[in-house]
Amino acid sequence: DKAGRRHFMEKEIHEQPESVARTLSQYISAVDEGFTFPAGELGLKNADRLIAVACGTAFYAGATAKYWFERYARLAVEVDIASEFRYRQPALPQNGAALFVSQSGETADTLAALRHCKENGVRTIGVVNVPESSIAREADVHLRTLAGPEIGVASTKAYTAQLSALACIALAAGASRGVMTAEETADKVRHLLEIPRLINEVMQVEPKIEELARALTRHKDVLYLGRGQFFPLAMEGALKLKEIAYIHAEGYAAGELKHGPIALIEEGTPVIVTAPWDELFEKTISNVQEVAARGADVTLITDAKGAGLAGDGYNVVVMPTCDPIAQPIVAAIPLQLLAYHTAVFMGTDVDQPRNLAKSVTVE
Ligand code: M6R
């Protein structure tokens, strides 16, 4: 049932205020705004290292969480693509844990990586959407995302649910490690609880995004840029566009631009930059100026403060102002909408893109 929408993906994008709220309510007590899940069981209190392993969009969720674990829990995190991790001889944490992020819980490489860690005595944590799946059953600790069934092959509501769960886990780890005070933790929790409302608000950019999407259909290559916690989001935005609109896209760390990819920029090259205001904003904007000076057609996804500081000459998409922990979750929505509307204009099979399966159960 598409609930009156053209595609499951469209329905799932618009469901995110509820799916994020549902997921957060799994982790946060409505009564005292504290964490309700067994944070102690995660083994992160005294851990010296966490490895996060996943594929595709789930990998980008893990890559975003790395910023949170480092910042809020002072915990060293390595993120790995499951198909690489399992065939290396990775040095496993002696005093740490391994986190596996998966919507389906059946991704063959992620499951193999989990089994490898278990066999070697590493504590395993699964952040999984399908509760009866193999990863959910086999992980030592199963932390659920409550996105509900996701039908579209492109992950949207599963992704924001993963980010929501991971934000809670990182903050709880920070609290248990004494990095965050009770007051700081409570403040962050309040900001997390605002995310469903902020997602509702950011949906208002849809008509503007649709216009930008129409223009993207004329292009063969799109560059997505981000810095800090928006770097993994740039890769996620690019993946969405590739998989459903069949347009080549690359996500890059904004600071890496001058180490190669800036050579690609010519008159009219679309560059999508996600940069709500934060302490890295000025740095990102200087990269934006560099591509704009070479003729790039820049779309800047930012908030009111960023829009005020950015200067003219860009397509600006204004998202609501939010706390840093909420920014990458809220900013994911314009990128999902951009890929979705571009795919609709291209006339692709949005929910069942060519060559792809919802769950990759072969290696
Ligand atoms: O079920 P999983 O979360 O383990 O799946 C991982 C990837 O296959 C998945 O995220 C894929 O990249 C999506 N099609 C992206 O939209």
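Residues numbered from 1 in each chain as written. Predicted model: local features only at pLDDT ≥ 70, side-chain atom pairs only at ≥ 80, totals over all residues. Heavy atoms only, no water.

Asks: Hey, could you go over the packing of helix H2 (residues 16-27) against helix H9 (residues 195-202) for me, with residue numbers and the actual values?
Replies: At a closest axis distance of 8 Å, the pairing of H2 and H9 adopts a crossing angle of 170°. It follows from the interaxial angle that H2 and H9 lie roughly antiparallel. Between H2, through Gln16, Pro17, Val20, Ala21 and Leu24, and H9, the contact on the second element is made entirely by Ile195, Pro196, Ile199 and Asn200. For the contact of H2 with H9, a count of residues per class yields seven nonpolar, two polar and no charged. (Axes fitted to C-alpha atoms, helices over the stretch in contact; angles between N-to-C directions. Helix = DSSP H or I, 4+ residues; strand = E, 2+ residues; numbered from the N terminus. Parallel < 35°, antiparallel > 145°, perpendicular 65-115°, else oblique. Contact = heavy atoms within 4.5 Å. Nonpolar A, V, L, I, M, F, W, Y, C, P; charged D, E, K, R; others polar.)

Asks: Quick one: what's the story with the site of the ligand, residue by residue and with numbers?
Replies: Close contacts around the ligand come from 14 residues, with Ser102, Gln103, Ser104, Thr107 and Glu243 the closest. In the model, an oxygen atom of the ligand is placed 2.6 Å from a nitrogen or oxygen of the Ser102 side chain. Between an oxygen atom of the ligand and a side-chain N or O atom of Lys240, the distance comes to 3.0 Å. A total of 410 Å² of accessible area belongs to the ligand in isolation, and the protein chains cover 92% of it. When each cavity is represented as a set of grid points, the ligand is found to reside in the largest pocket. Going through the elements one at a time, helix H3 (56-73) and helix H11 (230-245) are the ones with two or more residues in the shell around the ligand. (Near = heavy atom within 4 Å. Polar contact = N/O pair within 3.5 Å; in protein donor to acceptor, adjacent residues only side chain to side chain. Areas by Shrake-Rupley, 256 points an atom, 1.4 Å probe, with all protein chains shown as cover. 1 Å grid on protein atoms, 1.4 Å probe; cavity = no way out; pocket = protein on both sides within 12 Å on 5 of 7 lines; lining within 4 Å. Sits in = over half its atoms within 2 Å of the grid points.)

Asks: Now, about the sheet that holds strand S10 (residues 315-318): what can you tell me, with residues and values included?
Replies: Strand order across the open sheet formed by five strands is S7-S6-S8-S9-S10, with parallel pairing between neighbours. Each of the sheet's edge strands pairs with one partner strand only, and the pair in question is strand S7 (248-253) and S10. Taken pair by pair, the neighbouring strands of this sheet meet at an average axis angle of 20°, ignoring direction. Sheet topology places strand S6 (residues 221-226) next to S7; six bridges connect them, and they run parallel. By the bridge assignment for S7, Leu225 is matched with Tyr252. Most of the contacts of helix H12 (residues 281-293) go to strand S9 (residues 297-302), to which it runs at about 165°, and overall it touches strand S8 (270-274) and S9. Contacts from helix H14 (residues 327-346) reach S6, S8 and S9, with the element oriented near 155° to S8. (Pairing = 2+ DSSP bridges.)

Asks: Got a sec to walk through the layout of surface pockets? Specific residues and values, please.
Replies: Each pocket or cavity is described by its volume, and for the largest pocket that value is around 560 Å³. The wall of the largest pocket is formed by 28 residues, among which Cys55, Gly56, Thr57, Lys358 and Val360 lie closest to the centre. Every element with two or more residues in the lining of the largest pocket is listed here: H3, strand S3 (96-102), helix H5 (108-119) and H11. Split into classes, the residues belonging to the lining of the largest pocket amount to ten nonpolar, twelve polar and six charged. Each pocket or cavity is described by its volume, and for the second largest pocket that value is around 220 Å³. Asp221, Val222, Leu264, Thr269 and Pro270 are the residues nearest the centre of the second largest pocket, which is lined by 13 residues in total. Broken down by element, the residue count for the lining of the second largest pocket peaks at three residues, all from S6. (Points joined across faces, edges and corners; volume = space filled by probe spheres on them.)

Asks: Quick rundown of the nonpolar core? Include the residues and the values.
Replies: The biggest cluster of nonpolar side chains holds 87 residues, and the ones touching the most others in it are Leu44, Trp68, Phe69, Ile169 and Tyr224. The residues touching Leu44, leaving out its near neighbours within four places in the chain, are Leu50, Phe69, Leu75, Ala97, Ile169, Ala173 and Arg177. Residues Ala254, Val291, Val298 and Tyr314 belong to the second largest nonpolar core, which totals 18 residues. (Core = buried A, V, L, I, M, F, W, Y, C linked by side-chain atoms within 4.5 Å. Buried < 20%, exposed > 50% of the residue type's maximum accessible area, 1.4 Å probe, protein only.)

Asks: Got a sec to walk through the pairing of S7? Specific residues and values, please.
Replies: Residues Ala249, Gly251 and Ala253 of S7 are buried on one face, while the alternating residues His248, Glu250 and Tyr252, pointing to the opposite face, are not. Where the polypeptide runs from S6 across H11 and back to S7, its parallel neighbour, the crossover connection is right-handed. (Right-handed = clockwise from strand over helix to strand, strands pointing away.)

Asks: Could you give me a rundown of the side chain of Gln103, with the residues and numbers involved?
Replies: Checked against the element boundaries, Gln103 lands in the loop between S3 and H5. On the basis of relative accessible area, Gln103 is assigned to the buried category, the value being 13%. Apart from residues lying up to four places away in sequence, Gln103 is in contact with Val128, Asn129, Val130, Glu150, Ala158, Gln162 and Lys358.

Asks: Residues and numbers for the sheet that holds strand S4 (residues 123-128), please.
Replies: Where strands meet in a sheet, backbone hydrogen bonds hold them as pairs that are either parallel or antiparallel. Taken in spatial order, the five strands make up an open sheet running S2-S1-S3-S4-S5, and their pairing is parallel. The sheet is open, and its two borders are formed by strand S2 (77-81) and strand S5 (141-144), each paired with just one other strand. Averaged over neighbouring strand pairs, the angle between their axes works out to 20° when direction is ignored. Examined bridge by bridge, S4 and S5 share four bridges and lie parallel to one another. Residue Val127 lies in a different strand from S5, and its bridge partner there is Leu143. On top of the sheet, H3 reaches strand S1 (49-54), S2 and S3; it is set at about 175° to S2, its chief contact. Contacts from helix H7 (residues 157-176) reach S3, S4 and S5 within the one sheet, and its direction differs from that of S3 by about 165°.

Asks: Now, about the pairing of S1: what can you tell me, with residues and values included?
Replies: Along S1, six of the six residues are buried, which leaves the element largely enclosed by surrounding structure. Burial of S1 is two-sided: the residues Arg49, Ile51 and Val53 facing one way and the residues Leu50, Ala52 and Ala54 facing the other way are all buried. Pairing geometry for S1 and S3, over five bridges, is parallel. Among the inter-strand pairings, Arg49 is bridged to a residue of S3, identified as Gly96. Pairing of S1 with S2 involves five bridges; the strand directions are parallel. Looking across to S2, one finds that Ala52 is bridged to Val79. Where the polypeptide runs from S1 across H3 and back to S2, its parallel neighbour, the crossover connection is right-handed.

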